[in-house]
Amino acid sequence: MRVAFIGDIVGRPGRRIIKENLSKLRDEFNIDFVIANGENASHGFGLTIKNCDELLKCGIDCITGGNHTFDKKKDMFLLLETKPVLRPDNYPKGLTGTGVKVFEVKKLDETIEKLAVVNLMGQFSMPTCENPFNWGTEVIKELKEEGVENIFVDFHAEATSEKRTAFMMFKEDISALCGTHTHVGTDDLQIVDGCAYLTDIGLTGCRDNVIGIDKKIPIQKAKTGIGGHFEVPSSCKSILQIMVVDIEEGNAVKSFKIKKLCDKKELSITEAWND
Ligand SMILES: [Fe+2]
Ligand SMILES: [Fe+2]
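A brief structural summary. (Residues numbered from 1 in each chain as written. Chains lettered and ligands numbered in written order. Predicted model: local features only at pLDDT ≥ 70, side-chain atom pairs only at ≥ 80, totals over all residues.)

With that settled, the discussion passes to the overall build of the protein chain. For the protein chain, the count of helices and strands is 6 helices and 14 strands. Here the C-alpha atoms of the protein chain give a radius of gyration of 17 Å, agreeing with the 19 Å that 2.2 N^0.38 yields for 275 residues. Along the first, second and third principal axes, the C-alpha atoms of the protein chain reach 55 × 45 × 35 Å. Looking at the 275 residues of the protein chain, the share that counts as buried comes to 48%. (Helix = DSSP H or I, 4+ residues; strand = E, 2+ residues; numbered from the N terminus. Rg over C-alpha atoms; globule rule 2.2 N^0.38 Å. Buried ≥ 20, exposed ≤ 12 C-beta atoms within 10 Å, placed from the backbone.)

Structural data, given as structure tokens:
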């Protein structure tokens, strides 16, 4: 199956570039299933019911989250119970929702295959959560015992080393691990031991500001030490970034990253190196 993963969608510019391009790209690249991180999709903070519905209609099949998942708490509690929306699984026990879902993916050739999406959160500079490495090990073991081979992990973390550590720990048992949260894409797409890996996919949203947020406040804060309310710019140059992975019997066999800029016709495509 061919799975696509989109990193943190930031505000209206992020939603707009998805609306304008995703269904076309889904067809062009024969994508079977789309996962997207939506923790910043509504005004840069959290996800509302309205924006969630809008994204699902654009061709996203599953929405993952992170440290901003509960910024729009009321809407999110409902979404976690009713929609294909995940929050990091290692949030403290007892919280609404889950970070693990198994989907029956109907492929373009009409056959059906299972795909597990796992959402975990790192610990450096993040809200209180359970150890993601031990937690992830348990979750992946349970999925394998249930016979689920195709496993895609969104590892939401600030530190690149945490994402890399998770990859080294899980790579033999999962199909892909992609990092989210920093909103800055890294240049290390690779396949090792049948697992596709990218430290961070980078944002989908404004590319000419500061991690999708209007640069005025971050610059003011840098100069004076005094911050303010972060806003998503109303107009900007945007980017859509997608990691694509071909999975066969639980193993990644091919991976590439697509970048679409709002003002350029041609796509930029980078192939993974294969170790
Ligand atoms: Fe984010
Ligand atoms: Fe985040």
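Resuming the write-up.
Moving on, we get to the pairing of strand S12 (residues 251–261). Pairing geometry for strand S11 (residues 238–248) and S12, over 10 bridges, is antiparallel. By the bridge assignment for S12, Leu-240 is matched with Lys-260. Once S11 ends, the chain turns through 2 residues before running back antiparallel as S12, passing Glu-249 with a positive phi of about 45 degrees. Where S12 meets strand S13 (residues 268–271), 4 bridges bridge the pair, whose relative direction is antiparallel. Paired with Lys-259 across the bridge in S13 is Ser-268. What sits between S12 and S13 in their antiparallel hairpin is a turn of 6 residues. (Pairing = 2+ DSSP bridges.)

Burial runs high along strand S1 (residues 2–6): 4 of the 5 residues are buried. Relative to S11, S1 runs antiparallel, the two sharing 5 bridges. By the bridge assignment for S11, Arg-2 is matched with Asp-246. One ladder, built from 4 bridges, connects S1 with strand S2 (residues 33–37); its direction is parallel.

Turning next to the sheet that holds strand S5 (residues 112–121). Pairing is mixed in the open sheet, where 7 strands are placed in the order S4-S5-S6-S7-S9-S8-S14. Only two strands of the sheet have a single neighbouring strand rather than two, namely strand S4 (100–106) and strand S14 (273–274). One ladder, built from 5 bridges, connects strand S6 (residues 151–156) with strand S7 (residues 176–180); its direction is parallel. Its bridge partner lying in S7, Phe-152 is registered against Ala-176. Of the strands in this sheet, S4, S5 and S6 are in contact with helix H4 (residues 132–145), which crosses S5 at around 165 degrees. Lying over the sheet, helix H5 (residues 160–170) contacts S6, S7 and strand S9 (195–198), oriented at roughly 170 degrees with respect to S7. (Contact = placed C-beta atoms within 7 Å. Axes fitted to C-alpha atoms, helices over the stretch in contact; angles between N-to-C directions.)

Two elements in contact, H4 and H5, have axes whose closest approach is 11 Å; the angle formed by their N-to-C orientations is 30 degrees. In this structure, the crossing between H4 and H5 has a hand that is right-handed. Residues Pro-132, Phe-133, Gly-136, Thr-137 and Ile-140 of H4 touch H5, and the partners they reach there are Thr-165, Ala-166, Met-169 and Phe-170. The residue inventory of the contact of H4 with H5, partitioned by class, reads 6 nonpolar, 3 polar and no charged. (Left-handed = near helix turned anticlockwise from the far one by under 90°. Nonpolar A, V, L, I, M, F, W, Y, C, P; charged D, E, K, R; others polar.)

Okay, the environment of Gly-147 next. Summarising the element assignment, Gly-147 is placed in the loop between H4 and S6. Judged by local crowding, Gly-147 falls into the exposed class, with 8 C-beta atoms found within 10 Å.

Bringing unusual backbone geometry into the picture now. Within the chain, Ile-211 stands out as a residue other than glycine whose phi angle is a positive 40 degrees. Unlike most non-glycine residues, Glu-249 shows phi in positive territory, near 45 degrees. For Glu-249, the position within the fold is in the loop between S11 and S12. Judged by the 10 C-beta atoms lying within 10 Å of it, Glu-249 falls in the exposed class.

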